[in-house]
Amino acid sequence: MTAIAIIDDDPYIVEIFALTFERGGYSVFSYTDPMHALKNLPSQNPCVIILDLMMTPITGLQFLDRWKTLDPHRSIPVIILSAWDVSPQDREKYAGLVTRIIRKPVLPKVLLEIIGELCHAGEGNEALQ
Amino acid sequence: MTTILITEDEQLVAQDLKLTLEGFGYTVAGIAQSGEEAIRLAEQERPDLILMDIFLAGAMTGIQAADEIRSRLDIPIIFLTAYSEAQIVEQVRQTGPYGYLLKPFNEQEMYIAIEIAVYRHSLDRTLRESEQRYRLFVEHFQGVAFRLSLDLNPVFFHGALSAITGYTEEEIKAGKPSWNALIHPDDRHTYGKEMQTAATNPGYTREFQFRIFHQQGSVRWIRAFIQNVVDDRDTPLFIQGSLYDVTSMIEAEERLRALNEHLDELVKKRTDDLEATNRELYLKNRALQITTAGTRALVVAKTEADLLAIISRILSVTGAYRGFWIGTLDEQGAIQSQSASGNTCRFDKQPSGTDALPPCIRVSIRGEGVMVFDNETETCSRCPWRNEQGGEHILTTRLYSDTRILGVISAVLPGHLIPDASEKTLFQQMAQEISFVIGYMRASDREKVAFEQISRILEQLATLNDHIRNPLQGIVGYASLIDDPGGEKVIDLCMKVNEIVDQLDKGYLESKKVRSFLERHERIFRSPEEERRSVPWRKHVVSPSANEQRKHP
């Protein structure tokens, strides 16, 4: 089953998206602590990572800085879902690491459509191999 | 070879003469039988001598023909005649003959007469030519040749005397006027001395100049060459010499000298002008440096201590002050910041209160305007300036705002500057500018507080944004999970709230613009300690972008 990872320090947000994605037919790895996500995610194989920015003890961007060493081939697309926008400087800096930046609040069905495109394409590639 | 024309109407006599002359080795140029023919042949043959018979065939006598020839040609004539009557001799004499031979003459007499005539004629010619040369020389001589007796009376003047003096030689020699009277009174002594020396020293020569009055009243410059002429026993005979009118030369020299002087004056004036311009430029530049020191320091200074250090450096380097001290006072009158540069008061320790300042500075804090102290002033006796080299005067004045005294400045003037009105005005202007700058910097503390407030509001806005959008996301998420028309309404409401939050974002962006303006133009920054107090993620989550492409449905 295709898996989606969600990282957000707000447990309610994590819970709602987990419910939403499961309804959409995905399995979900959910994390409220980005440090925990860094440890655990490499052993998982999600087709996409949904990432919040304003978190503690590290921010979403700090998570990305570390994650790029764990996933050097950028095999897993990352979607930033944040109440805050990303500054033009940071957009440029993280362009290679981030597939999409989405501002909260987002309609779940819109997010599912985006995930569907990303994960379906990923499966297609796998099928070809 | 001497050629001779024979004028003789008796053919036989003529031929006899011809043979005789040729026998002496003369050449006979021709034989004329009449006076007319003699004139023609003389013109044509140009003989060296003519033998002329007085009574000739034809209308003319020999005497008439000789007259005619003499008037046209320079040929000596010897008359031949058988007559010696007094009347005829007298007529002949008047023609200036070179010889007179009475017939019958012997050959030897004729030969001697011819030789003497030719020789005399050549002598006459030489003399005439010499005279002519001499006359030409004298006529064209621009000067005067003169001779004076040893008692200095004029013997003669030759040459351009009348051109030089306006009087003839005769008038001068007659003493009307006398030569000495013509000499310029200022030069009479010199002239007399020179001439006296020349009169008494054998062989003495001298060249000198003096002035005379021309008849027309103008003054002429004369250059004289004089010489004491002696006999063979070295006894002075007379003084001779020459005088030249050198007035035009002297005038030309004078004009040249005047022109040179004028040029020198012009050059000097231009040099003075340039120097004055340079001085003015220097003073203007210095004034500019002094009156802008405060503002220039403000551009780079971050703190008041910084400001004072930069001001004192600028003023001692480009303000030409030998030494400079500036200090600011806090509201209690204690020294807040201070800076010194150049040869200034070197306090042993940083004075904390005004009591520790030299008296001249303390006085200026209490008094108004610019105060001037010199080295010997007792008020400044505690100030080490008085022992510093060069510094002659000390200017002090206080710095003040509308409400209170901000501080005090003092400067040591270098030796070449005097504390005149303009120097004091400059100092006053500088003090006013520095006062303003200090006031401005202190006032900008209040702006810093406002800046901090803006920063705090921005943080709160950022937090608020997060606190609103996250719950909104939760509500939208839950509402989406519920397949219910009520859920749609909840989502609509959430999106309206979201729009309000967007408005807040815009306000946030405007505030951010204000803050970056303050940072850029007013050089206001958060203090490092404020920076530390802010939430850790603040610097990472910077701003919502105004151009963001929203993914709202």
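Rules and cut-offs
Residues numbered from 1 in each chain as written. Chains lettered and ligands numbered in written order. Predicted model: local features only at pLDDT ≥ 70, side-chain atom pairs only at ≥ 80, totals over all residues. Helix = DSSP H or I, 4+ residues; strand = E, 2+ residues; numbered from the N terminus. Buried ≥ 20, exposed ≤ 12 C-beta atoms within 10 Å, placed from the backbone. Contact = placed C-beta atoms within 7 Å. Axes fitted to C-alpha atoms, helices over the stretch in contact; angles between N-to-C directions. Left-handed = near helix turned anticlockwise from the far one by under 90°. Pairing = 2+ DSSP bridges. Arc of directions from axis to C-beta. Right-handed = clockwise from strand over helix to strand, strands pointing away. Core = buried A, V, L, I, M, F, W, Y, C linked by C-beta atoms within 7 Å.

**Q** Hey, could you go over the overall build of chain A for me, with residue numbers and the actual values?
**A** Tallying secondary structure elements over chain A gives five helices and five strands in all. The order of helices and strands in chain A, counted from the N terminus, is β-α-β-α-β-α-β-α-β-α. Within the span of chain A, comprising 129 residues, buried residues form 40% of the whole. Long-range contacts, defined as pairs at least 24 residues apart, comprise 61% of the intrachain contacts of chain A with a sequence gap of at least 6.

**Q** Lay out the overall build of chain B in plain terms, naming residues and giving numbers.
**A** What chain B contains, in helices and strands, is 15 helices and 15 strands. Counting only residues that meet the buried cut, chain B has 28% of its 553 residues in that class. Contacts spanning at least 24 positions in sequence make up 55% of the contacts within chain B whose residues lie at least 6 apart.

**Q** Describe the packing of helix H10 (residues 247-300) of chain B against helix H11 (residues 304-317) of chain B, and please don't skip the residues or the numbers.
**A** Residue and element names in this part refer to chain B. At a minimum axis distance of 9 Å, the contact between H10 and H11 shows a crossing angle of 145°. Of the two possible hands of crossing, H10 and H11 adopt the one that is right-handed. Facing H10, whose interface residues are Gln 289, Ile 290, Ala 293, Gly 294, Arg 296, Ala 297, Leu 298 and Val 300, H11 presents Leu 307, Ile 310, Ile 311, Ile 314 and Leu 315.

**Q** Tell me about the sheet that holds strand E7 (residues 154-159) of chain B, residues and numbers included.
**A** Residue and element names in this part refer to chain B. A sheet is described by the order of its strands in space; here five strands give the open sequence E7-E6-E10-E9-E8, paired in antiparallel fashion. Of all strands in the sheet, those bounded by a partner on one side alone are E7 and strand E8 (205-213). Going across the sheet, the axis of each strand differs from the next one's by a mean of 25°, ignoring polarity. Taken together, the nine bridges between E8 and strand E9 (residues 219-230) define a ladder with antiparallel strand orientation. Looking at the pairing, Phe 213 lines up with Val 219 of E9. Contacts from helix H9 (residues 185-200) reach E8, E9 and strand E10 (236-245) within the one sheet, and its direction differs from that of E8 by about 150°.

**Q** Which residues make up unusual backbone geometry, and what values do they have?
**A** Look at the link from Lys104(A) to Pro105(A): it is a cis peptide, with omega at -5°. The residue Pro105(A) is located in the loop between strand E5 (100-103) and helix H5 (108-128) in this model. Following Lys176(B), the chain continues to Pro177(B) via a peptide bond in cis, the omega torsion being 0°. Even without being a glycine, Leu152(B) presents a positive backbone phi close to 70°. By the element assignment, Leu152(B) lies in the loop between strand E6 (144-148) and E7.

**Q** Which residues make up the sheet that holds strand E5 (residues 99-102) of chain B, and what values go with them?
**A** All names here are of chain B. Taking strand neighbours across the sheet as the criterion, the five strands line up as E2-E1-E3-E4-E5 in an open arrangement whose pairing is parallel. Of all strands in the sheet, those bounded by a partner on one side alone are strand E2 (27-32) and E5. Sheet twist, expressed as the average angle between the axes of neighbouring strands with direction ignored, equals 20°. Where strand E3 (residues 49-53) and strand E4 (residues 77-81) come together, four bridges link them in parallel fashion. Directly across from Asp 53, in E4, lies its bridge partner Leu 80. Sitting on the sheet, helix H2 (residues 35-45) touches strand E1 (3-7), E2 and E3, and the angle it makes with E2 is about 150°.

**Q** Any details on the environment of Val155(B)? Residues and values, ideally.
**A** You can see Val155(B) is positioned in strand E7. Classification of Val155(B) by C-beta neighbours within 10 Å gives exposed; the count is 12.

**Q** Please provide a residue-by-residue account of the pairing of strand E15 (residues 405-413) of chain B, values included.
**A** All names here are of chain B. Of all nine residues making up E15, eight are buried, and the element is well covered by its neighbours. Here eight bridges tie strand E14 (residues 393-400) to E15, and the two strands are oriented antiparallel to one another. Counted as the bridge partner of Leu 395 is Ala 411 from E15. In textbook terms, the turn of a hairpin is the stretch between consecutive antiparallel strands, and for E14 and E15 this stretch comprises four residues.

**Q** Outline helix H12 (residues 359-366) of chain B, listing residues and values.
**A** Residue and element names in this part refer to chain B. Within the sequence span of H12, burial applies to Cys 360, Ile 361 and Ser 364. The arc enclosing the buried residues of H12, seen along the axis, measures out at 100°, which places them on a common side. Turning to H12, the residues buried within the fold contact strand E13 (371-374), E14 and E15.

**Q** Lay out the pairing of E1(B) with the relevant residues and their values.
**A** Residue and element names in this part refer to chain B. Burial within E1 is extensive, with four of its five residues counted as buried. Chirality of the crossover, the property in question, places the unit of E1, helix H1 (residues 11-23) and E2 among those that are right-handed. Relative to E3, E1 runs parallel, the two being bridged by four bridges. Counted as the bridge partner of Ile 4 is Leu 49 from E3.

**Q** Hey, could you go over the nonpolar core for me, with residue numbers and the actual values?
**A** The biggest cluster of nonpolar side chains holds 37 residues, and the ones touching the most others in it are Ile4(A), Ala5(A), Ile7(A), Val48(A), Ile50(A), Leu51(A) and Ile80(A). Broken down by secondary-structure element, the contributors of at least two residues to this core are strand E1 (3-7), helix H1 (11-23), strand E3 (48-51), helix H3 (60-70), strand E4 (78-82) and H5 of chain A. Ignoring sequence-local partners within four residues, the contact set of Ile50(A) consists of Ile4(A), Ala5(A), Ile6(A), Ile7(A), Phe17(A), Ile79(A) and Leu81(A). Counting 35 residues, the second-largest nonpolar core is a separate cluster that includes Tyr321(B), Met371(B), Met430(B) and Ile438(B).

**Q** I'd like a description of the environment of Ile58(A), backed by residues and values.
**A** All names here are of chain A. Of note, Ile 58 is situated in the loop between E3 and H3. We classify Ile 58 as partly exposed; it has 19 C-beta atoms within 10 Å. A sequence separation of 23 residues divides Ile 58 from Met 35, and the C-alpha atoms of the two residues are 7.5 Å apart. In this structure, Ile 58 is in contact with Pro 34, Met 35 and Phe 63, ignoring residues within four places of it in sequence.

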